[in-house]
Amino acid sequence: MLACSTADEQTENTQAIDKIAEDYVRLGLEIGVYDSDFVDAYYGPDSLKPAASKSDSFPKNELLAKADSLKKQLAALSTRQVNDTTKARADWLNSQLTAFERRIRVFSGENAPFEQESKELFDATAPVYTEQHFKELIAKLEHLLPGKGPLPERYQQLASRFIIPENKIDTVFQTAIAEARKRTLAHYQLPANETFRLEYVKDKPWSGYNWYKGNYNSLIQINISQPIFIERAIDLACHEGYPGHHVYNAMLEKTLFRDRGWVEISLYPLFSPQSLIAEGSANYGISVAFPGNEQEVFCKETLLPLARLDTTGTSAYFRILAIKSGLGYARNEVARGLLSSKMDDKEALRWLTDYCLLTSKGASDYLRFIKKYRSYVINYNYGQDLVKQYIESQGGTADAPERRWKLFEELLSKQSRASELLKKH
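Scope of this entry: the structure provided in the associated data block. Keep in mind that this is a model prediction, so the values were computed, not measured. (Residues numbered from 1 in each chain as written. Predicted model: local features only at pLDDT ≥ 70, side-chain atom pairs only at ≥ 80, totals over all residues. Heavy atoms only, no water.)

1. Observations concerning the overall build of the chain
Threshold: Starting at the N terminus, helices and strands are each numbered in turn, a helix being any DSSP run of H or I of at least four residues and a strand any DSSP run of E of at least two. All radius of gyration figures rest on C-alpha atoms, and the globule criterion is 2.2 Å times the number of residues raised to 0.38. Each residue is assigned to one of three classes by its accessible area relative to the maximum for its type, calculated with a 1.4 Å probe on protein chains only: buried under 20%, partly exposed between the two thresholds, exposed over 50%. The contact rule is simple, with two residues in contact once any of their heavy atoms fall within 4.5 Å. Using a 1.4 Å probe, accessible areas were evaluated by the Shrake-Rupley method; residue-level cover was limited to the displayed protein chains.
The number of helices and strands found in the chain is 18 helices and five strands. For the chain, whose C-alpha radius of gyration is 22 Å, the value lies close to the compact-globule estimate of 22 Å for 425 residues. Referenced to the eigenvectors of the C-alpha coordinate spread, the extents of the chain come out at roughly 80 × 50 × 40 Å. The buried share among the 425 residues of the chain stands at 53%. Taking the intrachain contacts of the chain between residues at least 6 apart in sequence as the baseline, contacts between residues at least 24 apart amount to 73%. On the chain, roughly 18600 Å² of surface is accessible, and the fraction owed to carbon and sulfur atoms is 49%.

Structure (structure tokens):
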């Protein structure tokens, strides 16, 4: 009798969280009716889509009340004797709803300090770095970059030798994605009908974007308004495709939505803790698919010849890129400065050129990105570092590639949050 009672309770708990999950999706889609950037993907039932027409004004208080009600229902559920799976789903949904609340406030013009915003949206607070930290990294590059004049100019002179000619972009990208896909499929069994479509666009604040359509199908867009350097072909092939966003979304859809019926995963809200895992894993996935110097080797032996570019100086270029990668956190400081009104556009552009070594066009585009996506920038660098530490602390190091692929697959196939990754190290 006790066993039957326990089973009945667990069934009730599962039904309760399934109902909360449906209301969570309804709320997310309702927010998306007003905030066009909020819903990045949805492939769930049409019955959960908003039936009512859009109001003339943004219903901030009504939406906040709905989020609060769902969080209270989750809290009440957590007081019951629930199993680990139900508890984990409830905790994940609670964090997602906290992000809903913050995004509702941001969209209505109610802002919070950078750290509070990123914590509530993405379940993480990125470390703070002083300008001196970036000056020290720049100093390391001074000895490696030839020529005279300001370092950003010298870097651009070197990097310009590795820009993919416009008439070779498609050939290079198709080759890079095919290689990234081949390497991923050597380790993962993806759904038989998984596929993607590649499209080239202009005048976007980002360099690449994956629009996941559901049923294991993605539209990958590459922004060709900016110069595209040869290493970015592999970066974007992995990040947007394999084993990045496309694989992540396909695995979540298969494992959680199709196999388990967890409807909450069919909604991907861009401004939520899910994005730190998405962006962090997509960036880390580059080194999973191309460990060590394999990215450099593939560029030198395959992509540069395809682009009809000289391979001279490739190794020196990649040594500089390795040091330059540490400058990514300067983008966080620009966002922090802008959002706290401690940095104006002119100072922001100086940081983006002097410390991120972006071109004038690249700096202007990234300033647009920060103004649009705000604290989202932490998901790329800090997210990558958290995923790296999480995987490698469990033995998924470069000298244990099979374990790294396995741990990475497990991460891509479950609901995860930054605070959970931090518990592992």
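From this point, the narrative continues.
2. Comments concerning the packing of helix α7 (residues 169-185) against helix α8 (residues 230-241)
Threshold: What counts as an axis is a line fitted to C-alpha atoms, over the stretch in contact for a helix, and the angles between N-to-C directions run from 0 to 180 degrees. Oblique is the label for any angle not covered by the other classes, which are roughly parallel (under 35 degrees), roughly antiparallel (over 145) and roughly perpendicular (65 to 115). The hand of a helix crossing depends on one turn: near helix anticlockwise from the far one by less than a right angle means left-handed, and clockwise means right-handed. Polarity classes work like this: nonpolar for Ala, Val, Leu, Ile, Met, Phe, Trp, Tyr, Cys and Pro, charged for Asp, Glu, Lys and Arg, and polar for all others, with Gly in that last group.
At a minimum axis separation of 8 Å, α7 and α8 run at an interaxial angle of 45 degrees. The pairing of α7 with α8 is recorded here as oblique in orientation. For α7 against α8, the interelement crossing comes out right-handed. Mapping the contact onto sequence places V172, F173, A176, I177 and A180 in α7 and I230, R232, A233, I234, L236, A237 and C238 in α8. Of the residues in the contact of α7 with α8, the class split is eleven nonpolar, no polar and one charged.

3. A closer look at the packing of helix α6 (residues 151-159) against helix α12 (residues 314-324)
At a closest axis distance of 11 Å, the pairing of α6 and α12 adopts a crossing angle of 135 degrees. When the axes of α6 and α12 are compared, the pair comes out oblique. The two elements α6 and α12 meet at a crossing, and its hand is left-handed. Across the interface between the two elements, Y155, L158 and A159 from α6 touch Y317, I320, L321 and K324 from α12. Here the residues of the contact of α6 with α12 are counted per class, giving six nonpolar, no polar and one charged.

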